[in-house]
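# Secondary and tertiary structure notes
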Amino acid sequence: MKRSRDYCKYKKVYFKSEFDSCPTCSSPLRRDHIAWRKGIQTMNGCIYATSYAFRCSNTACARLYRSTEADLLSVPFRTYSIDVVVEIGFLRHEEKRSMKEIFLSLRKKLIDISLRECYHLLHVFEEIIAIRPVEFDPDFYATVLRNGGVVIAIDGVQPERGNSTLYVVQDALTAKVLYADYLHDSSSDNIASIICIVKGAMEKLGIPIIAAISDHQASIRLGVRKALPGIRHQFCHFHVLRNACLPITDMDRKLKKNIRKRIRGISSIERSLSQRNDQPSGIVRNACSMLRALLLYPGTKPLSFSGMMVFRELASLDCTVRRMLMQRHDKDLEKLSGITARWREFLPSYRNLRSLWLYAHKLRRILGSEASSDCVKGKIAGFLEEIGERITEGGIYLALNAMKDTIEHHYEGLFFCYDDPRIPMTDNGLEITIRHNKTGYRRISGYRSWDSFIANYGKSTFMIPENTDRNTLIEMADDVQRRTFMKRWKEYNERRREQSLMRSASRNYCGALKNMESLWSPGETDKTSSGDDCMLVIHS
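Residues numbered from 1 in each chain as written. Predicted model: local features only at pLDDT ≥ 70, side-chain atom pairs only at ≥ 80, totals over all residues. Heavy atoms only, no water.

## Things to note about the sheet that holds strand β8 (residues 209-214)
- Ordered in space as β7-β6-β5-β8-β9, the five strands form an open sheet in which the pairing is mixed. Where the open sheet ends on each side, the last strands, each with one partner, are β7 (176-183) and β9 (232-235). Averaged over neighbouring strand pairs, the angle between their axes works out to 25° when direction is ignored.
- Relative to strand β6 (residues 165-171), strand β5 (residues 150-157) runs antiparallel, the two being bridged by six bridges. Across the sheet, I152 pairs through a bridge with D171, a residue of β6. (Pairing = 2+ DSSP bridges. Helix = DSSP H or I, 4+ residues; strand = E, 2+ residues; numbered from the N terminus. Axes fitted to C-alpha atoms, helices over the stretch in contact; angles between N-to-C directions.)

## Overview of the environment of S81
- Position of S81 relative to the elements: it lies in the loop between α1 (68-71) and α2 (82-93).
- The spacing of S81 and T468 is 387 residues in sequence and 19 Å in space, taken between C-alpha atoms.
- Ignoring anything within four residues of it in the chain, the contact list for S81 reads I40, Q41, T42, M43, L73 and S74. (Contact = heavy atoms within 4.5 Å.)

## So, the pattern of salt bridges
- Evaluation of the coordinates by the stated rule reveals 17 salt bridges.
- In this structure, E87 and K109 form a salt bridge, with 3.1 Å as the shortest nitrogen-oxygen distance. Of this pair, E87 sits in helix α2 while K109 sits in the loop between α3 (99-108) and α4 (115-131), and the two are 22 residues apart along the sequence.
- Between K404 and E408 there is a salt bridge, and its shortest N-O distance comes to 2.7 Å. Taken as a pair, K404 and E408 lie in helix α16 (residues 397-410) at a separation of four residues, close to a single helical turn.
- On the accessibility criterion, K404 (22% relative accessible area) is partly exposed. (Salt bridge = Lys/Arg side-chain N within 4 Å of Asp/Glu carboxyl O. Buried < 20%, exposed > 50% of the residue type's maximum accessible area, 1.4 Å probe, protein only.)

## Quick look at helix α13 (residues 331-340)
- Those residues of α13 lying buried are D332, L333, L336, S337, I339 and T340. Angular distribution of buried residues about the axis of α13 spans 160°; they occupy a single face of the element.
- Between the side-chain oxygen of the N-cap and the backbone nitrogen of D332 there are 3.0 Å, and the N-cap of α13 in question is D330. (Arc of directions from axis to C-beta. Polar contact = N/O pair within 3.5 Å; in protein donor to acceptor, adjacent residues only side chain to side chain.)

## Points about unusual backbone geometry
- For K96, which is not glycine, the phi dihedral falls at a positive 55°.
- With a phi close to 65°, L110 is a non-glycine residue in the positive phi region.

What is shown is where atoms sit, not what they do.
In structure tokens:
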């Protein structure tokens, strides 16, 4: 049974409407009933607040009025004040503290709270902040005016399968997140609705939209075209290079995989070396360690190919081992030389990859050149013509053809950045923002995966401004209307309910089906068939 709270030591505070007469008909207001009363814990002590509702004495009007100051004291259905909620959010997002540290900090300040309630109030804080799409920031406004407007970068963060995709809209010039929202369906109409929200906020502030930048996702392209007709849409050069080099990356991965298959027998050499204690054995052991380290080289996409690097370094190691054998013969070193000499088997594959690597770097130099769009278009045309002449060759046909198709598909959005220096070549600023939030969550939580975090609180996390003090956060929370918060909180609970249902279904699907049937017809659960009955019908 829940323990009743003793409010005897709480300071009693009474609130009435800020109006003495009805603002509509000027009739006097009369106290009608108690709107609510509850104990509220604040950072400065505990109070027992009573809010009275007043009704207009004119029966034709009969409007109700309540205290705005009382409604701003706490969040609906919570017994903690706004400053306690802001304190939890500030410690979590600004000082990067864990929930256990936040709980202990509040207990030291004589706040009677549990660890679970700290989690609940953190969710409340994040939902309150997420309600404000774009606030008026004087520094941001002055910077945007100097830039001549904003360049919106759009990207989606796909969490674990089955959950909604979080789309983030950021100003690429100032790295300020303008809006973020979940979309169950990543259609062009839904993405256009998100862009229209940002567009409306920018129009209210008198800020023009210079251009948009994103990857080549079809729904984003169509959404930008619907919401921002006539606006230049730049495609990210990094995504262009990555997509153009995907066949080359696959060939490089296959080369590295085949090399690793052929590099066998190192363990037998190391066991033989463990029985020796002379100086040459230590050098050979170092050579074996270098060979093992070489096979673990990760590489980075799109232009750093680990298979080519492994091939080159393996050939260099083989030359070194052979020179060492010419100076002094050693049976274990000779065995190692037989392993490192296998790089010659992959020489034809390496030569094909080398020619493709040269084309990829040539494309990178063309896209990264500081020239006019006409000059870059001419270089691209020459590059495509050169590729077309080599496509007839069998070994690299697919890779070159894919590179040519990628450039042609992205062609219309590649050149806006050369004529206007304000338009960036890539949307790496948004990628850095996403990575920053991911790293921050991992640091304060200790978890490696952030899929569930993004599915629940990703929108709020991206909307929380950085380097903000407590007083500013309290002012932001006070500006949120009660009705708007209740609508947002209902959406949050509905999203959590869907995720809970998906998790329960993944653990016990037949049980979830039976529960669904019982909810549909509570009095007839025995007459309906369960999931097990369905399985019996299928197997029979």
